[in-house]
Amino acid sequence: MPDPMDMPSLKGKVSEEEWALRCQLAATYRLCAMHGWTDLVFTHISARLPDEDGAERFLINPYGVMFDEMTASSLVKIDLEGNICQDTPYNINPAGFTIHSAIHAARHDAGCVIHVHTPYGVAVSVQNGGLRRYTQFSMIVNNDLAYHDYEGIALELDERERIVNDLGDKSLLMLRNHGTLTLGPNCAIAFLRMYFLENACKTQIFAQAAGTENLHEEDQAMADTVQAQAGGAFTPGYGDNLIWPGLMRKLKRTNPGFDH
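A short tour of the structure in this document, coming up.

What counts and how
- Residues numbered from 1 in each chain as written.
- Predicted model: local features only at pLDDT ≥ 70, side-chain atom pairs only at ≥ 80, totals over all residues.
- Heavy atoms only, no water.
- Helix = DSSP H or I, 4+ residues; strand = E, 2+ residues; numbered from the N terminus.
- Rg over C-alpha atoms; globule rule 2.2 N^0.38 Å.
- Buried < 20%, exposed > 50% of the residue type's maximum accessible area, 1.4 Å probe, protein only.
- Contact = heavy atoms within 4.5 Å.
- Areas by Shrake-Rupley, 256 points an atom, 1.4 Å probe, with all protein chains shown as cover.
- Lys, Arg positive; Asp, Glu negative; His and termini not counted.
- Charge placed at Lys NZ, Arg CZ, Asp CG, Glu CD.
- 1 Å grid on protein atoms, 1.4 Å probe; cavity = no way out; pocket = protein on both sides within 12 Å on 5 of 7 lines; lining within 4 Å.
- Points joined across faces, edges and corners; volume = space filled by probe spheres on them.
- Nonpolar A, V, L, I, M, F, W, Y, C, P; charged D, E, K, R; others polar.
- Phe/Tyr/Trp six-rings, centres within 6.5 Å; stacked < 30°, edge-to-face > 60°.

**Brief notes about the overall build of the protein**
Then comes step 1: Across its full length, the protein holds eight helices and seven strands.
Then comes step 2: Against the compact-globule benchmark of 18 Å for 260 residues, the protein has a radius of gyration of 18 Å, which places it among compact chains.
Then comes step 3: Within the span of the protein, comprising 260 residues, buried residues form 51% of the whole.
Then comes step 4: Long-range contacts, defined as pairs at least 24 residues apart, comprise 69% of the intrachain contacts of the protein with a sequence gap of at least 6.
Then comes step 5: Roughly 11,600 Å² of accessible area belongs to the protein as shown, and the carbon and sulfur atoms make up 50% of that amount.
Then comes step 6: Side chains of the protein give 20 positive and 33 negative charges; the mean places of these two sets differ by 6 Å.

As structure tokens, this is what we get:
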């Protein structure tokens, strides 16, 4: 398997729009690594590309490349069925695109889909009560969170319909006994949603360590208020422009090379 930094750059060999999306997605992989949201190579982030000759195209990670070494040129272009649509020395994990393909097919507002298996997200996913209204983190996202019951490793294509039905029109999904998922019109907003969801899960586990009888949970009315107050953060042109430039500067200082 080639080192991604040894791959020839695709800059100037693909459209400007595709190159920009490749850089954003590679950066998202590295940001997830920076925040500890990785499971070696066993989770995935996908992004929708412009159609080619009327056919949908997506980017996903080459199987075996670590999140913290992902580059724009190593990402693999695929169709909705997971078939590779470019010359590349890499393969992908077709099973890894099962969940993503379901969401991209049903939700054309899903420019980016992030799915991770973190200890805190998985720990909350096994709780019957799911994510509780304990913290501001959780109330920012709780009303936009759906749940999907565990069906084993996501290998069966017929699970896609049930994932889509459970997700509905929401933008965050708790996969029971499995992990967390967010989507957004672009990488920045999908990442921001995951930031709040993962911090909500982490603080819930920390708080529960003191015993649930000592915890104060806000009511639904307060969650409604907080969601309305914070909703602008997920509006394209606001939340993404607020966080993304600073995150890119931080990446270039601490882990440069995503835009290779």
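**Things to note about the layout of surface pockets**
Then comes step 1: Taken as a whole, the largest pocket spans an internal volume of roughly 250 Å³.
Then comes step 2: Surrounding the largest pocket, 15 residues form its lining, Phe 42, His 117, Ile 153, Ala 154 and His 178 being those nearest its centre.
Then comes step 3: In the lining of the largest pocket, the residues fall into six nonpolar, nine polar and no charged.
Then comes step 4: Roughly 170 Å³ of volume is contained in the second largest pocket.
Then comes step 5: Around the second largest pocket sit His 35, Gly 36, Trp 37, Thr 118, Pro 119, Tyr 120, Tyr 195, Glu 198, Asn 199 and Lys 202, which together line it.

**With respect to the packing of aromatic side chains**
Then comes step 1: One pass over the full model with this rule turns up eight aromatic pairs.
Then comes step 2: Between Tyr 29 and Phe 67, the ring centres sit 4.7 Å apart and the planes meet at 90 degrees, which makes this aromatic pair edge-to-face. Residue Tyr 29 is located in helix α1 (residues 16-34), and its partner Phe 67 is located in the loop between β2 (55-60) and β3 (76-78); the two are separated by 38 residues in the primary sequence.
Then comes step 3: According to the relative accessible area criterion, Tyr 29 is buried, its value standing at 0%.
Then comes step 4: Ring centres 6.0 Å apart and planes at 85 degrees place the aromatic pair Phe 196 and Phe 234 in the edge-to-face group. Separated by 38 residues along the polypeptide, Phe 196 in helix α6 (residues 187-208) and Phe 234 in the loop between α7 (220-230) and α8 (239-254) bring together distant segments of the chain.
Then comes step 5: The class of Phe 234 is buried, set by a relative accessible area of 13%.
Then comes step 6: A network of ring pairs unites the aromatic residues Phe 137, Tyr 195, Phe 196 and Phe 234 as a single cluster.

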